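Working through the structure, step by step
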Amino acid sequence: MNVRVRRRPGRPVGGRPVVDRDLLLDAAERVIARDGNGASLEAIAVEAGVTKPIVYARVGSRAELSNALASRLSDRLLAAGREAIDGDLDHRTLAALFRSSLEILDAHRELFLYVTRGTGDDTPERTLFLAGRSAGALAELLADSRRRGGADDSVALPWAYGIVGVINLVSLWWLDERDRPADVLADQLAELVWSGLSASSPDA
């Protein structure tokens, strides 16, 4: 009598599980949202229906997983930034950029903490991966806005790093304190930053 052996989903005969990398990242996001920013690779593997070595093979170490998830989060922040900066950069669009960023990081609080707080053996450079990736993309948006207004676009990169630094550090504080709504905080940050951005020339 032939007996059919049940295999785990995605496992070809005589081979290892075939698991899409994005599906593993989806599973990681679900576990982090459920278990918090201390979620383990073991729990992520269980959620994805694979073994821990498969997670290492398809995504990498905890640090590499964090970078992959940070890239996803950065893409969401960039998409919101493009929508916010829908014309020339001014106080209104800057406030919209801050507000959208705060709302996204609030919606993905544990994921944000997972990719920024790191572990005991992380380096500061690694835990700043999200900021670095976000700044480069934001710089392109700022440069485009500056060029459209006939202004110097060479300031875009340092401004982008400054803005992203403000967003990241303020968000770490705000997500714990929550002492004011996102739109109020966004307006306050825009007021602070716009005073410098609006000075497009030494005589301004």
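All of these numbers come straight from a predicted model, not from anything done at the bench.

This part is about the pattern of salt bridges. Here the structure, examined in full by the defined rule, presents 15 salt bridges. Its salt-bridge partner being R147, residue D153 comes within 2.8 Å of it at the nearest N-O pair. Several salt bridges converge on common partners, so that one network encompasses D22, D26, E29, R72 and R76.

Core analysis: the largest hydrophobic core is formed by 63 residues, its most contacted members being L65, L69, F98, L138, L142 and I163. When residues no more than four places from it in sequence are discounted, the contact partners of L142 are I85, L89, A156, W159, A160 and I163.

Our next topic: unusual backbone geometry. Positioned with a positive phi, R178 is a non-glycine residue whose angle comes to about 45°. Its place among the elements puts R178 in the loop between α9 (156-177) and α10 (182-197).

Here we take up the confidence of the model for the protein chain. Predicted coordinates in areas of low pLDDT are best not read in detail. When pLDDT is averaged along the protein chain, the result is 83; 82% of the residues meet or exceed 70. The secondary-structure element of the protein chain with the lowest mean pLDDT is helix α7 (residues 124-127), recorded at 68, while helix α1 (residues 21-35) shows the highest, at 96.

Rules and cut-offs
- Residues numbered from 1 in each chain as written.
- Predicted model: local features only at pLDDT ≥ 70, side-chain atom pairs only at ≥ 80, totals over all residues.
- Heavy atoms only, no water.
- Salt bridge = Lys/Arg side-chain N within 4 Å of Asp/Glu carboxyl O.
- Core = buried A, V, L, I, M, F, W, Y, C linked by side-chain atoms within 4.5 Å.
- Buried < 20%, exposed > 50% of the residue type's maximum accessible area, 1.4 Å probe, protein only.
- Contact = heavy atoms within 4.5 Å.
- Helix = DSSP H or I, 4+ residues; strand = E, 2+ residues; numbered from the N terminus.
- pLDDT = per-residue confidence, 0-100.

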